[in-house]
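# Commentary on secondary and tertiary structure
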Amino acid sequence: MIDDLDLGFDEPERGEKGRHRRSFRKRKGGSGGGRGKTFLALLMALVLLGTIGGGAFYGFDRIQNYFVTPDYDGAGAGEVTVEIKNGALLADMADALVAADVVKSRKAFVEAAEANSRSKNIQPGTYKLRKQMSGESAVTAMLDLKNKIVNGLTIPEGRTAKNIYKLLSEKTKIPVKEFEAAAKDPEALGVPDWWFTRDDGKKVVKSVEGFLFPDTYEIPPKATAESILKLMVDNFLSVTGEMKFADRVQKERKVSPYEALIVASLAQAEAGNKDDLGKVARVAYNRVYGEFPCNCLEMDVTVNYYLESVGRATKSSKQMTAAELDDPKNPYNRKLRGMIPTPINNPGKEALEGAMDTPVGKWLYFVAIDKEGHSAFAETYPEHQRNEAKAREAGII
């Protein structure tokens with residue numbers, strides 16, 4: 001019955017190397033456009049399925065999806081929240097929207113996004129959307145920042161884990177104890193076990209300190225203490241991975257990545273100006289691994305870290321007693337030989353760069369000399385004393 005239906009195909013021709021080839025004939029008065037061909041193909045499928053029987057129309061619905069994008073109409077109804085994760089591609093976004101029944105198909109959203117030049121501005125985060133929206137409506141809604149649930153929190157550089165738990169608790173109302181409990185197993189939070197390898201012979205102390213990368217975070221509405229800390233650890237791994245931090249410090253600094261992370265935290269705590277981060281890191285390396293008489297750090301910031309960790313108030317260098325400075329029970333004692341057990345805070349990218357790409361110098365001493373926090377560096381103690389005199393004249397110390 002369909003023998004006389006002209007679908008506009010020529011008979012097979014022999015192409016080069018004997019392959020069959022089909023070509024379209026342009027009809028008289030016809031446009032030859034895609035719409036006509038799609039309609040004709042659907043009509044053909046309808047006729048064929050009709051001859052087979054009523055039950056075959058189920059198959060027609062499936063065939064139709066190859067030609068027509070499954071999509072809802074309009075702006076939808078109700079309300080649903082959808083999280084778009086960092087690094088999500090359009091297809092990933094579409095999958096999240098389909099799972100929440102915001103759009104009918106991945107194709108509906110992707111095609112609408114590709115048709116909208118502004119879709120590249122869709123940001124990761126959590127969105128308040130409606131169910132059963134058209135792909136176009138979903139794209140429009142996600143470009144409207146009024147629909148983005150803003151629950152951001154900035155973690156400053158150089159904060160200790162204990163301090164970070166307090167900041168997170170204040171923002172999320174999750175008890176500090178839950179963050180402390182989640183932090184007990186750094187590897188469960190995503191820190192690879194090789195990060196806790198040391199080359200200096202010191203006992204390994206597994207701590208999340210140093211791995212909670214300082215940044216601005218979008219906290220999902222249903223986040224847990226564990227999921228938030230995992231987010232921060234994942235950010236740390238991404239940043240250090242892009243920097244090739246682990247590879248470079250082993251090759252160029254000849255130390256394990258964990259020891260270099262400790263140095264980055266020391267530089268973050270001691271440098272009064274970002275310009276000096278690399279030089280302070282060099283002093284730490286020189287004191288512990290170089291020709292410093294005690295091969296110890298002699299940095300008061302390590303004492304303060306210990307005081308905070310045991311629940312005591314931190315102090316300025318002038319306020320510290322001799323007993324506090326050289327407490328034999330303190331594993332962060334400034335006089336102990338070698339590198340301290342763990343980082344003393346969570347350093348930012350510039351401090352990590354300072355510990356990785358450290359300037360060449362034999363400095364063993366430094367002291368702040370101006371109100372902007374810049375330090376003067378010295379290789380010998382007499383030179384350091386002269387720098388201290390300049391600092392006193394400037395009213396810095």
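Residues numbered from 1 in each chain as written. Predicted model: local features only at pLDDT ≥ 70, side-chain atom pairs only at ≥ 80, totals over all residues. Heavy atoms only, no water.

### Describing the side chain of R282
By the element assignment, R282 lies in helix α11 (residues 277-289). For the buried residue R282, which engages in no salt bridge, the nearest side chain bearing the opposite charge is D357, 8.0 Å off. (Helix = DSSP H or I, 4+ residues; strand = E, 2+ residues; numbered from the N terminus. Buried < 20%, exposed > 50% of the residue type's maximum accessible area, 1.4 Å probe, protein only. Lys, Arg positive; Asp, Glu negative; His and termini not counted. Salt bridge = Lys/Arg side-chain N within 4 Å of Asp/Glu carboxyl O.)

### Observations regarding the sheet that holds strand β3 (residues 77-84)
Ordered by their spatial adjacency, three strands build an open sheet running β3-β4-β5, and the pairing between neighbours is antiparallel. Every other strand in the sheet has two partners, leaving β3 and β5 (148-149) as the edge strands with one partner each. By the bridge criterion, six bridges tie β3 to strand β4 (residues 125-131) in an arrangement that is antiparallel. When the sheet's bridge partners are listed, T81 is paired in β4 with K128. Helix α3 (residues 90-99) contacts β3 and β4 of the sheet and is inclined by roughly 140° relative to β3. (Pairing = 2+ DSSP bridges. Contact = heavy atoms within 4.5 Å. Axes fitted to C-alpha atoms, helices over the stretch in contact; angles between N-to-C directions.)

### Things to note about the packing of aromatic side chains
Scanning the model with the defined rule gives 15 aromatic pairs in all. A ring pair is formed by W194 and W195, whose centres lie 5.2 Å apart and whose planes are at 25°; its orientation type is stacked. Accessibility expressed as a relative area gives 41% for W194, which makes it partly exposed. Here the aromatic cluster, defined as three or more aromatic residues joined through ring pairs, consists of W194, W195, F196, F211, F236, F245 and Y258. (Phe/Tyr/Trp six-rings, centres within 6.5 Å; stacked < 30°, edge-to-face > 60°.)

### What about the pattern of salt bridges?
Counting across every chain of the model gives 14 salt bridges. Ionic pairing is found between E187 and K206, a salt bridge with its closest N-O pair at 2.5 Å. Taken together, the positions of E187 in the loop between α7 (176-182) and β7 (216-218) and K206 in the loop between α7 and β7 put the pair 19 residues apart, joining distant regions of the chain. Taking relative accessible area as the criterion, E187 reaches 32% and is therefore assigned partly exposed. For D357, the salt bridge identified is with R248, shortest N-O distance 3.7 Å. Of this pair, D357 sits in the loop between α14 (349-356) and β8 (365-368) while R248 sits in helix α9 (residues 245-253), and the two are 109 residues apart along the sequence.

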